[in-house]
Amino acid sequence: MGRPRFRFPAGGTRRATRIVALLAAVCGAQLTMGADVAGQASAASEQRTVARAERLRASGRAAEAASALREHLVRAPASPGALALLGELALESGEAAAFVPYAEAAVAAAPDEEVARLWWVRGLTGAGRLDSALAVSDRWLKEAPGLSAARLARADAQVAAGDSAEAVRTLGDAADPDGELLTRFADLLLAVGDRDRLAAAWVGLLALTPPATDEVETGLRTAEADGSGVRAASFERLRALLAGRRDGAARAGAIVALRLGRGEAARTLAEAAPPPDDPEAAAFLREYVREAEAAALPGEVAWSARRLAGLSARPADRLRWLALSGEQALAAGDTASARRVFEDLIRESTPGDGPHQLASRRLFELLAAHPASLAEAASVLDRYVRQYPDSAAVEAGLRGDLALGHARAGDLGAAEALVTDARSRIRIAASGRLDAAAARLALYAGRPDSARERASRSVREVEIGAAERTRRLRLLTLVQAADTAEIRIAGAAALELLTAPEAFDPGPALRDLAGRPASSGRSVVLGFLADAAAEAGRARIADALRRRIVLQYPGSPEAPAALLDLARASGPADAASWLEQLIVGYPRSALAPVARRMLAELDGGGR
């Protein structure tokens, strides 16, 4: 059916024609009257004018941009792009009244042009001529009830007149709303606090092709931030409406939930997605992986990657998704899922391939971390050595980890026996990680000389990462700077943190230290214990020990490091305070530039 033609009131066309003539006289242009006005300038001419105006606007020369647009509209009133941009500039500058004649001339030249009619209403509204805006929009909507632009113009005029209830009714009566209308409708419902209809409008936006996920996300964030009546229940109402749906709206709702950090809700909605034979399933799951990674939700990455592995026809793709799933399950702390994935990956890959080697090592690490599975870890390690006989350095590290696993289980004797056996079979050049483990075992056993010797050897290894090198250097610094009694106290406390982190109480160790003369390495002891506590997940203990360093040993090299660690573990406001203390108190410290960068980032983010 053809679009309804807009009808002017009696004399309207003659009046609009006179407006065109008046504009021509003002601008010194000769215009053709009647139907010849429409389309007089080519589309290319309009595009050039609009592009130039946009450049002028972007460079802060809005007045020149408006002037160029006015000159073009005098020559060609029916230029929707030029009219819309001039309308935006007029509303921004408060010159809506001067814009209205251009809009009226455009409607006279092209009565069926939606943009012209829409901006006529907007111009009247911006100029404060609300009665005229309501009258014009009412006539337009009656003649074109299925036109979204007419309905939007009418609702905007009603809102400007203070009648939000009528604006809601106007938009809600749309038979087949498009994305723009639904977005405006949702914004209006959010403003008036209509919870139920708001959730339904969001569902409508998510059901579009493509789904309007950005608009729904923005609406939900606004609802949660502005303290409105819909704040508490907004997401849950949307979730309830999406529950059980097996269409694009449920999938889009899962993506929005991920962006909001609601992993459990996202998983529930995603479970309602099409079955594996749906051609859209893989595309949706890939998007789910991307959004979950962006939202730092490793559990959701692991889940979706595992499902993608099941959908992958190519073995290489399946292995890739399985590897990602296992790594992310580990990051999420879901060791049971990670173990299953790595076992599948080992079965399905070939020794020598990257996925097989990765899975073997990750599975070993999982098993070695738990006392109940140390025997299984040893079996995995033996198989790894048979399959990769030339990986002496890796073997040294794994055997060291297995030894520390026995120490974690409280069996220092078995741990040290494993290290001794491994050293007899692994060449010295590849034993750096084994030396590092041996140094820790000697510390735990209260043998400072042995710990010092092995820690010194461990730091000579060349090919180790920065974090591991720092860890080894801190142990070496401890055994070199502290006296024998302090080293033994630190070793006993560190072993307790390793074997029973949740039950660890630093009080006894601190009392023992307080009862002995402090060496020059006392701050090193406290720093070492703080790092051990942080590694064991006891953040509050680590925080307290670092504060003690700052207060009791402000002149020590460990003080600026403690301040930086405190900043990293704190919220923005407290972090800024710690960083400022480091910068002001230790301007020559090597950590001061790091603190300045971190503080600048905090200030840039508004803290």
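As shown above, the structure is provided for reference.
Residues numbered from 1 in each chain as written. Predicted model: local features only at pLDDT ≥ 70, side-chain atom pairs only at ≥ 80, totals over all residues. Heavy atoms only, no water.

J.: Account for the overall build of the chain, with residues named and values stated.
T.: Broken down by element type, the chain carries 33 helices and zero strands. The globule rule puts the C-alpha radius of gyration for 607 residues at 25 Å, and the 35 Å found for the chain is more than 25% above it. For the C-alpha atoms alone, the extent of the chain along its principal axes is close to 105 × 60 × 45 Å. The 607 residues of the chain split such that 47% are buried. Counting contacts in the chain only where the partners sit at least 6 residues apart, residues at least 24 apart contribute 55% of the total. Accessible surface, the chain: about 28700 Å² in total, of which carbon and sulfur atoms supply 51%. (Helix = DSSP H or I, 4+ residues; strand = E, 2+ residues; numbered from the N terminus. Rg over C-alpha atoms; globule rule 2.2 N^0.38 Å. Buried < 20%, exposed > 50% of the residue type's maximum accessible area, 1.4 Å probe, protein only. Contact = heavy atoms within 4.5 Å. Areas by Shrake-Rupley, 256 points an atom, 1.4 Å probe, with all protein chains shown as cover.)

J.: Describe the packing of aromatic side chains, listing the residues and the values that go with them.
T.: Overall, the coordinates contain four aromatic pairs when judged by the stated rule. Between the aromatic rings of F284 and Y288, the centroid separation amounts to 5.9 Å while the plane-to-plane angle is 70°, which identifies the pairing as edge-to-face. Here Y288 and F284 lie together in helix α16 (residues 279-294), a separation of four residues that amounts to about one turn. By the burial criterion, F284 is buried, and Y288 matches it. Feature note: the residues F284, Y288 and W303 constitute an aromatic cluster, connected by ring pairs. One cation-aromatic arrangement involves R122 over W119; the distance from NZ or CZ to the ring centre is 4.9 Å. (Phe/Tyr/Trp six-rings, centres within 6.5 Å; stacked < 30°, edge-to-face > 60°. Lys NZ or Arg CZ within 6 Å of the ring centre and 35° of its normal.)

J.: Residues and numbers for the environment of R460, please.
T.: Tracing the chain through its elements places R460 in the loop between α25 (448-458) and α26 (466-481). With a relative accessible area of 59%, R460 lands in the exposed category. For the pair R460 and L118, spaced 342 residues apart in the sequence, the C-alpha separation amounts to 75 Å. In this structure the side chain of R460 is engaged in a polar contact, spanning 3.5 Å, whose partner is the side chain of S456. (Polar contact = N/O pair within 3.5 Å; in protein donor to acceptor, adjacent residues only side chain to side chain.)

J.: Which residues make up the pattern of salt bridges, and what values go with them?
T.: Scanning all chains against the criterion turns up 49 salt bridges. For R546, the salt bridge identified is with D565, shortest N-O distance 3.7 Å. Linking R546 in helix α30 (residues 539-552) with D565 in helix α31 (residues 558-568), this pair joins segments that are 19 residues apart in sequence. Among the residues examined, R546 registers a relative accessible area of 11% and is labelled buried. Judged by relative accessible area, which is 16%, D565 ranks as buried. It is possible to trace a salt-bridge network through shared partners that takes in D214, E217, R221, R259 and E291. (Salt bridge = Lys/Arg side-chain N within 4 Å of Asp/Glu carboxyl O.)

J.: Which residues make up unusual backbone geometry, and what values do they have?
T.: Residue P210 is reached from T209 by a cis peptide bond, and omega for that bond is -5°. Inspection of the secondary structure assignment puts P210 in the loop between α11 (195-206) and α12 (213-225). With a phi angle near 55°, A296 is a residue other than glycine that sits in the positive phi range. Mapped onto the fold, A296 is located in the loop between α16 and α17 (298-311).

J.: Kindly report on helix α9 (residues 164-172), identifying the contributing residues and their values.
T.: Among all positions in α9, only A167, V168, T170 and L171 are buried. Looking straight down α9, one finds that the buried residues subtend no more than 160° of arc, so they occupy a single side. The elements touched by buried residues of α9 are α7 (130-143), α8 (148-160), α10 (179-192) and α11. (Arc of directions from axis to C-beta.)

J.: I'd like to hear about the nonpolar core, residue by residue, with values.
T.: Counting 76 residues, the largest nonpolar core has W202, L206, V216, L220, L238, Y288 and F364 as its most contacted members. The contacts of W202, once residues within four sequence positions are left out, are A186, V216, G219, L220, S234 and L238. By size, the runner-up hydrophobic cluster in this structure holds 68 residues, among which are L497, F504, A562 and A592. (Core = buried A, V, L, I, M, F, W, Y, C linked by side-chain atoms within 4.5 Å.)

J.: Go over α10 with me, naming the residues and quoting the values.
T.: With 14 residues, α10 extends 20 Å between its outermost C-alpha atoms, agreeing within 8% with the 20 Å of an ideal straight helix rising 1.5 Å per residue. Of all the residues in α10, the buried ones are L181, L182, F185, A186, L188, L189 and L190. Those residues of α10 that are buried lie in contact with α8, α9, α11 and α12. For α10, the N-terminal capping position is held by D178, with its side-chain oxygen 3.4 Å away from the main-chain nitrogen of E180. Just past α10, the residue G193 takes up positive phi, approximately 80°. (Expected span 1.5 Å × (residues − 1).)

J.: Which residues make up the environment of R399, and what values do they have?
T.: Among the secondary structure elements, R399 is positioned in helix α22 (residues 392-408). If near-sequence neighbours (up to four positions away) are discounted, R399 is found in contact with L381, D382, V385, A422, R425, I426 and L434. Polar contacts involving the side chain of R399 include one to the side chain of E395, which spans 2.8 Å.

J.: So what's going on with the side chain of S431? Residues and values would help.
T.: Within the element layout of this structure, S431 appears in the loop between α23 (412-425) and α24 (432-444). Overall, S431 belongs to the buried group, its relative accessible area being 1%. Excluding residues that lie within four positions of it along the chain, S431 makes contacts with A396 and R423.

J.: Lay out the packing of helix α28 (residues 507-514) against helix α29 (residues 522-535) with the relevant residues and their values.
T.: The contact between α28 and α29 brings their axes to 12 Å, and the two run at 175°. Judged by the inter-axis angle, α28 sits roughly antiparallel to α29. Residue-level contacts link L510, L513 and A514 of α28 to R522, V525 and L526 of α29. (Axes fitted to C-alpha atoms, helices over the stretch in contact; angles between N-to-C directions. Parallel < 35°, antiparallel > 145°, perpendicular 65-115°, else oblique.)

J.: Account for the packing of helix α4 (residues 80-93) against helix α5 (residues 96-109), naming residues and giving values.
T.: In contact at an axis separation of 9 Å, α4 and α5 are set at 165° when each is read in the N-to-C sense. In this view, α4 runs roughly antiparallel relative to α5, as classed from their interaxial angle. Classified by chirality, the crossing of α5 by α4 is left-handed. Between α4 and α5, the contacting residues are L83, L86, G87, A90 and L91 on the first element and A96, F99, Y102, A103 and A106 on the second. Of the residues in the contact of α4 with α5, the class split is nine nonpolar, one polar and no charged. (Left-handed = near helix turned anticlockwise from the far one by under 90°. Nonpolar A, V, L, I, M, F, W, Y, C, P; charged D, E, K, R; others polar.)

In short, shape yes, function no, at least from these values alone.
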